Each structure stands twice: as structure tokens, then as C-alpha cells.
Amino acid sequence: MWRDIWWVAVHTLKNTFRKRSSLLVYVGLPIIGVIGSIMLYGSAGQQVLRVGIANEDGSAVIAADTAAYVSSLQHVKTTLLSREELKKKLASADLDSGLILEKGYSDSMAAGKPEGIAIQSVKGQTVTAYIKGMLNAYLDNTAAISRAAGGDRAAFDKLYADYRGGGFKLETQQVADTSLTKAMSVQSIGFLILFMMTAAVNLSEIILKSREDRTYYRILSSPISARSYVLANVLVNIAVMVVQVAVALVALRYVFGVDPGLPIVQLGGMLILFALVSVSLSLVIVAFSKNSAVSGAMSNFIITPSCLLAGCFFPISIMPDTIRKIGDFMPQRWVLQSIDELQTGDTSRISINLAVLAAFALVFFLVAAYKFGRNNDTKTFV
Amino acid sequence: MNVLEIQGLTKKFGNFVAVDNMTLNVKEGEIFGFLGSNGAGKSTTINMISSLLQPSAGEIRILGKDSRKHSRHAKTNLGIVPQDLAIYDDMTAYENVAFFAGLYGLRGKLLKERTEEALEFVGLGDRAKSRPSTFSGGMKRRLNIACAIAHKPSLIIMDEPTVGIDPQSRNYILESVKKLNESGCTVIYTSHYMEEVEEICSRVAIVDHGKIIADGTKEQLKAIITDVKDLSIELKPGSAYSLQSIGKIPGVRAVNEKEGRLSIQSDAAVDNLNRILKSLMDGGAEVKALQEEEPNLETVFLTLTGRSLRDQ
């Protein structure tokens, strides 16, 4: 029996990959998915803000210090220019935001009543929040000095000079932010899951297509049983899934250098378990389809929406509570959740998650086997 | 020795009885013609013999063994040439034959030899590396046959193997069937072309409504209809006559006209030739030739089922 299965499986593999397009579909698409998620997340967190500064307070020390302070901030590129130029460049989106230091700004700071400072932007709070936050820290310090001087300008100047000379400096240190790469790898896996499920249905559809071109009946009139034929197809399906997983993970980790935040072997093992779910679901779709057109429609109806609900395309955390609860009924959700938990080092629920995945696979296999068994007629199916 | 034995074979689809208590034996070395109109139960029977369908009742024995209990033995000894082409268009002719032969357990050198032999046998040896998409209909039919014979089965079932092909390919296939038979292979052959069955089959069974209504050699079947005679009358062009008045002559069962030739089926016991000729000449027709036709399988089929095989 296994000799027969092997013969059909090798034939199916050869026949499938005879077309170069199959290589692209089954191996290329998962890599494209990884590239897509990297591009999606690649720009996040590394954005440089272009800030224009219009200093109308001349050579006043505090105004000059404020401008220098903003220039020293990380991820900020400043340009000194006039108020008119600033407005034009903001309007033409050549700048993200503008800082205007009006005449008398330094004096107002020394008097403890900050005035004449404004931040402008046409892009709103998303670009001004960072500058505002950093500036507030600086202004609070200056205001504190002013309060300490008690309105005495000479005392303020002396305290401010000490403050400047006292080596006050803002030290920033880069803390490794792994959330981005973790999110990126989860989303890459999300796309990989979509491609795995689609590929599984495509490969199982070979059974339907062989029925349509009559080769199925010819094969069944040989010593091969229907069960062996379906098993050969399952074998091919799983082999392709394993290759897909391996290629996608190698690309993610070693080609694009994204650390998924958990050992690659654990991630691979989990995805291979999910491969069983994909294959069993594809068999259910094929068992309930009269022809390949119906199974194509059915897979579109099932795969993309379920991936969407399970959080394959964007984080589940941004979805409403009801959708999240529906997502729990999708097998994809349990893979993504397991990855999430392993990334945070929480392994307490992993065995439950894996058991749920295995249960999904088992139930789908049983449903498919039941349906195949009921179609025991050449005019219908196995 | 019987290669195939069918006992009380029945297949029901709900209340519809497709095959009704059929009993049939096919002897070793025969080319057995299986005739029947569409829906007569021919394909259902073939599907049961090839294990694609489970019988509702009855028994099929291939080379003496129950085909259900010894499914692998039965299938290994069978070669199926299905009516619908069952070949892969994106594989070469060689790959097609090798794949199907491999399903019967052939591997390695033997597989290569048998594949080449089968392709040579059907005249496709020089096209082994070509894909069927570049083949004519006749070549595809021949490839379909090659896929069924590479494992050298004892019994080959050919279901309408000459449908829709040119006369040359048809002759090639008929000659191939004869050669296969000469090499010791038993063949079950179904066709709508009565002249093919008449030419190559040594024994014929006629199936109607799921039952075998006649079974025997061609001569035995023709002998069934000794009560009928067939007249063929060729008339000069422009001859006038009345089919209706000929049809009313006592003993005449049916009258047909095609391209100036009248075919008249009449009771053999009634001597009505003079009356028929008189009726024609009274109408002003001129008889060019007259012949009493030997009964053929078409006549037998028509007489037994009341229908023409090709008109189904």
C-alpha cells in the first residue's frame, strides 16, 4: 500500500512542480509575505521629523538655547528660516512641523511667564507630540529657575548661566525595542498562514481536477484504492507545507534578519502542526465540493475572512471585543496566540494552545473522512 | 477457462435497477462484444467489473477469484480503456504510460521495457517524448490503450475505444485489438459501431434494460432472427413510388428509403416479393437491382430491442 502511495505522491509532486508558476505560488509567495510585512513595519519607529525654526528673538540666549536644544533631539532635523518661509514649507509638506520663537520670548521666560513660543503643523498631533513633550521638559526647567530668582533678572541670569555651565545635558540611551520585530514576525507568520491554507486547498483540489479529467477513475480501476490516492495527496500537501514553513522562516530569520523572539525550531514545529490543520481543512472543502470551481469559491469564502478575524493581517488587539471572541474559533488565532505567548516568555498555556490546534486538525480530518466515505460512488466521489 | 464470470449481478440506484440479475461468462482468448444502447446498463456493468462501483447483489469472478475479496488480484489482471480519455496532457506519452504501468507495481528496467513496448504496439514509439496536447484524436485514443496494456493484463475492457476518430486510426485500433487477442489477451469490447463488433468479436452479448437479452456467437445471434428477411431494392433515379402502399403489403414489417435504395424488412414466411415489385412498377418506378440481405448484428439488435443502436 505504501509503495502505491509513494508512487502516486511522487507523480503528483512532479506534475505539480512541472510548471514554474507552481514554484512561485508555493515557495515564492511566503517570501513575498515576509517582505510585505517587513515593508509594512520597516518604517515604523525610525521616522525623522523635519522641524523648521523661526527665531525672531534675535541673539537672545534663551531663544538660541531653545533652538539648539530642539536641534539636539534624536530623530529631529532642524532648519532655521523666517516665519514666511516656514509657513510656505509647512504648506508644501517640505516640513513636518515648525517652531516659532517670537520677539520677547527670552524675556518672558526669564520673567517666569513663558510667551511667544508656538508649534505649527499641518499634520497634527502625530508629529507635534514628540517635540512638545521634549520642549515642555526644557521650559519647565527654565520656569523653575525663574521662580527661584523671584523676578530678579540679574539673579535669573546668574542661575541660568550656572544651569547652562553646570553641565546640564540630556542624555539619551537607545533601549533595544523588540516589540517592532516581534510584531513584524507575527504579521509575517500571519501572511504565511494565509499562503499555507491557500496552497493546501490548491493541492487538495488536484483530487477534484483528476475527477474532472477522468484520470481519477482510471487510477481507481488500478490496484490503488481511493484511500491510498487521498493519502498520497495528503503526503504531498504536508511535504509542500513543510517546505513553505522552512523557506519562510529561513527568509525571515537569516535573510532579512528579523528575530521572531522565540526559537526558530519552536516556531517551525508549531507551524507544522498548523500545516496539519490546513491540510485537513482543505480536505473538508474538497469533500464538500462537487468540482474545483465550487472548492475555489468555498476556500475564498472560508480562508480570507477567517484569517482576517484571527489577526493574520493586523494585530488582534486593535479589534473590538466581539470580533476577538469570534477569532477564538479560528485555528489561525491559536497559532498567533501561541507565538505571542512564547515571545513574552509565558509558556503556561502553550500545551493547551497546541492541544486546541491538534483538535482542530483531528475534527477536520474526521469530517473529511466521513464525507469521503459517504460519497462511495463513481458518479459522486471516492 | 472462464476469465470473467458474472453471477446474478445487480446494481440499484435508489429504485432504479441499472443492472438486473445479470449472468455472463467470458472465456479465455475471446473478443467479447458487449452491445447495448445508452442507459442499457453496459457502463454500470463495466464499472462494477473494474471495481469502481460496488454491486448491490451478485458476484464477479476474475480468473476464478471473487473480485471483491481479491480486489488487488482482480485489478492487476484487468486493463481498462475508458471511453473518456484518461491521460495527462502535460506529461509526455512515455510518462503517461509509465505512470499508469507503475500503478500496477512495475518499476525500474521492467517498467521501461513495458512502457516502450506498449508505445510501439500502438504506433507511438516515435512520439514517446511528445505531449498528448500535440496529438490528433486518434493518437490520444491509442495512447489511452497503451496506458491500459503496459502491465500485460489477462483481460482488457475497451469501452468505445474508437469514438470520434478518423477511419485510419480506427483500423489501426481494430488491428491492435486483434493482435492483442492473438497474443493471448481476452478482450471485452463495447462499441456503437456494429460493423466493428461484427468484424472483430467472436462472441456478442446484447444488453437491454440491465439484462442480457441475447448471448452467443455472431452466427448464433443471426440465427435467432430466421423469421425475418431483409430486401434491398435499388431504383433508377427519378422513380416514383409510395412507401405507404409498400408498407401495407402483407408480411412487410418496415420500409426505409435512403439515397434511392429501399430497405424492406419482411416476414420470412410470407412470399410477398412479387407484390412488392408490382407495387413499385405500378407506381412507375424502375428497379435497377434487387438483393436479399444476409441478416447482420444491426438487424439482430433492431429486432430484439426494437431500436437502432446508433440512433440512441
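Residues numbered from 1 in each chain as written. Chains lettered and ligands numbered in written order. Predicted model: local features only at pLDDT ≥ 70, side-chain atom pairs only at ≥ 80, totals over all residues.

Colleague: Describe the overall build of chain A, listing the residues and the values that go with them.
Modeller: When its secondary structure is counted, chain A shows 15 helices and 4 strands. The C-alpha radius of gyration computed for chain A amounts to 31 Å, which surpasses the reference 21 Å derived for 382 residues by more than 25%, pointing to a less compact arrangement than a globule. Considering only C-alpha atoms, chain A reaches an extent of 105 × 45 × 35 Å along its principal axes. Partitioning the contacts of chain A with sequence separation of at least 6, the portion at a separation of at least 24 is 74%. (Helix = DSSP H or I, 4+ residues; strand = E, 2+ residues; numbered from the N terminus. Rg over C-alpha atoms; globule rule 2.2 N^0.38 Å. Contact = placed C-beta atoms within 7 Å.)

Colleague: Hey, could you go over the overall build of chain B for me, with residue numbers and the actual values?
Modeller: The helix and strand inventory of chain B stands at 11 helices and 14 strands. If you line up chain B on its principal axes, its C-alpha atoms span 75 × 45 × 35 Å. A buried classification covers 42% of the 312 residues belonging to chain B. At a minimum sequence separation of 6, the contacts of chain B that also span at least 24 residues come to 69%. (Buried ≥ 20, exposed ≤ 12 C-beta atoms within 10 Å, placed from the backbone.)

Colleague: Hey, could you go over the interface of chain A and chain B for me, with residue numbers and the actual values?
Modeller: Contacts between the two partners involve 15 residues from chain A and, on the opposite side, 22 residues from chain B. Looking at the side of chain A that touches chain B, the elements with two or more residues in it are helix H1 (2-17) and helix H9 (215-220) of chain A. The element best represented in the side of chain A that touches chain B is H9(A), accounting for 5 residues. Its residues placed into classes, the side of chain A that touches chain B shows 6 nonpolar, 6 polar and 3 charged. (Nonpolar A, V, L, I, M, F, W, Y, C, P; charged D, E, K, R; others polar.)

Colleague: Residue-level account of the sheet that holds strand E2 (residues 16-27) of chain B, with values.
Modeller: Residue and element names in this part refer to chain B. Spatially, the 4 strands line up as an open sheet ordered E2-E1-E4-E5, and their pairing is antiparallel. Only two strands of the sheet have a single neighbouring strand rather than two, namely E2 and strand E5 (65-66). One ladder, built from 8 bridges, connects strand E1 (residues 2-13) with E2; its direction is antiparallel. The residue of E2 that forms the bridge with Lys12 is Val17. Helix H1 (residues 42-49) rests against E1, E2 and strand E4 (57-62) of the sheet, and its axis sits at about 120 degrees to E1. (Pairing = 2+ DSSP bridges. Axes fitted to C-alpha atoms, helices over the stretch in contact; angles between N-to-C directions.)

Colleague: Mind laying out helix H14 (residues 331-343) of chain A, listing which residues take part and the relevant values?
Modeller: Residue and element names in this part refer to chain A. With 13 residues, H14 extends 19 Å between its outermost C-alpha atoms, agreeing within 8% with the 18 Å of an ideal straight helix rising 1.5 Å per residue. When H14 is considered as a whole, its buried residues turn out to be Pro331, Gln332, Arg333, Trp334, Val335, Leu336, Gln337, Ser338, Ile339, Asp340 and Gln343. Immediately downstream of H14, the backbone of Gly345 shows phi near 80 degrees, a positive value. (Expected span 1.5 Å × (residues − 1).)

Colleague: Outline the packing of helix H11 (residues 264-287) of chain A against H14(A), supporting the account with residue identities and numerical values.
Modeller: All names here are of chain A. One can describe the packing of H11 onto H14 by two numbers: an axis separation of 10 Å at closest approach and a directional angle of 170 degrees. Regarding the angle of H11 to H14, the classification is roughly antiparallel. Where H11 abuts H14, its residues Gln266, Leu267, Met270, Phe274 and Val277 lie against Pro331, Val335, Ser338, Ile339 and Leu342. Partitioning the contact of H11 with H14 into residue classes produces 8 nonpolar, 2 polar and no charged. (Parallel < 35°, antiparallel > 145°, perpendicular 65-115°, else oblique.)

Colleague: Describe the sheet that holds strand E1 (residues 49-55) of chain A, listing the residues and the values that go with them.
Modeller: Residues and elements named next belong to chain A. On the basis of which strands lie adjacent, the open sheet formed by 4 strands has the order E2-E1-E3-E4 and mixed pairing. Looking at the sheet topology across the chains shown, the edges are occupied by strand E2 (76-80) and strand E4 (117-120). Put simply, the sheet's adjacent strands are angled 20 degrees from each other on average, direction ignored. Direction of pairing for E1 relative to E2: parallel, over a ladder of 5 bridges. Paired with Val51 across the two strands is Thr78, which belongs to E2. Lying on the sheet, helix H3 (residues 61-72) is in contact with E1, E2 and strand E3 (97-101); it crosses E1 at an angle near 170 degrees. Each of E1, E3 and E4 is contacted by helix H4 (residues 83-91), which is oriented at about 155 degrees to E1, the strand it contacts most.

Colleague: Can you explain the domain arrangement of chain A? Please cite residues and give values.
Modeller: Put simply, an interface is often sized by how much accessible area is lost when its parts join up. Under the domain assignment used here, chain A contains domain 1 (2-42 + 178-374) and domain 2 (49-165). Taking only C-alpha atoms into account, the centre of domain 1 of chain A sits 55 Å from that of domain 2 of chain A. (Domains from an automatic or database assignment.)

Colleague: Tell me about the nonpolar core, residues and numbers included.
Modeller: If you look at the biggest cluster of nonpolar residues, it comprises 147 residues, and the most contacted ones within it are B:Val97 and B:Ala146. At 16 residues, the largest contribution of residues to this core is made by helix H8 (residues 179-212) of chain A. With residues up to four places along the chain from it excluded, the contact list for B:Val97 reads B:Thr115, B:Ala118, B:Leu119, B:Ala146, B:Cys147 and B:Ala150. Counting residues in each nonpolar core, the second largest holds 14 residues, with A:Leu49, A:Val51, A:Met109 and A:Phe156 among its members. (Core = buried A, V, L, I, M, F, W, Y, C linked by C-beta atoms within 7 Å.)

Colleague: Give me the domain arrangement of chain B: which residues, what numbers.
Modeller: One can read the domain layout of chain B as domain 1 (2-217) and domain 2 (226-294). Its C-alpha centre places domain 1 of chain B at a distance of 41 Å from the equivalent point of domain 2 of chain B.

Colleague: How would you summarise unusual backbone geometry if you had to cite specific residues and measurements?
Modeller: Its identity is not glycine, yet B:Glu160 carries a phi of approximately 45 degrees, on the positive side. In this fold, B:Glu160 is placed in the loop between strand E7 (155-159) and helix H6 (167-182).

Colleague: Help me get a handle on the confidence of the model for chain A, residues and values and all.
Modeller: Should the pLDDT be low somewhere, the predicted coordinates at that spot are not to be read in detail. Across chain A, the average pLDDT comes to 83, with 91% of residues at 70 or higher. With pLDDT under 50 throughout, residues 378-382 of chain A is counted as low confidence; its partners more than four residues away or in other chains account for 12 contacts. (pLDDT = per-residue confidence, 0-100.)

Colleague: So what's going on with the confidence of the model for chain B? Residues and values would help.
Modeller: Residue-level pLDDT values for chain B average 86, and 98% of them are 70 or greater. Ranking the elements of chain B by mean pLDDT puts helix H11 (residues 297-305) of chain B last with 75 and helix H3 (residues 93-102) of chain B first with 94.

Colleague: Break down helix H5 (residues 137-149) of chain B for me, citing the residues and quoting the values.
Modeller: All names here are of chain B. Between its first and last C-alpha, H5 extends 19 Å over 13 residues, near the 18 Å set by a 1.5 Å rise per residue. Counting buried residues in H5 gives 12 out of 13 residues, a clear majority hidden from the surface. Those residues of H5 that sit buried are Gly138, Met139, Lys140, Arg141, Arg142, Leu143, Asn144, Ile145, Ala146, Cys147, Ala148 and Ile149.

Colleague: Go over the environment of A:Val243 with me, naming the residues and quoting the values.
Modeller: Residue and element names in this part refer to chain A. With respect to the secondary-structure elements, Val243 resides in helix H10 (residues 226-255). When the 14 C-beta atoms within 10 Å are taken as the criterion, Val243 is described as partly exposed. For the pair Val243 and Ile272, spaced 29 residues apart in sequence, the C-alpha separation works out to 9.8 Å.

Colleague: Describe the environment of A:Ser92, listing the residues and the values that go with them.
Modeller: Residue and element names in this part refer to chain A. With respect to the secondary-structure elements, Ser92 resides in the loop between H4 and E3. By the C-beta count within 10 Å, which is 9 here, Ser92 ends up exposed. Along the primary structure Ser92 and Val122 are separated by 30 residues, whereas in three dimensions their C-alpha atoms are 9.7 Å apart.

Colleague: Go over the environment of A:Leu249 with me, naming the residues and quoting the values.
Modeller: All names here are of chain A. By the element assignment, Leu249 lies in helix H10. Distance in space between the C-alpha atoms of Leu249 and Arg20 is 22 Å, their sequence separation being 229 residues. Those residues within four positions of Leu249 in sequence are excluded, and the remaining contacts are Ile264, Leu267 and Gly268.

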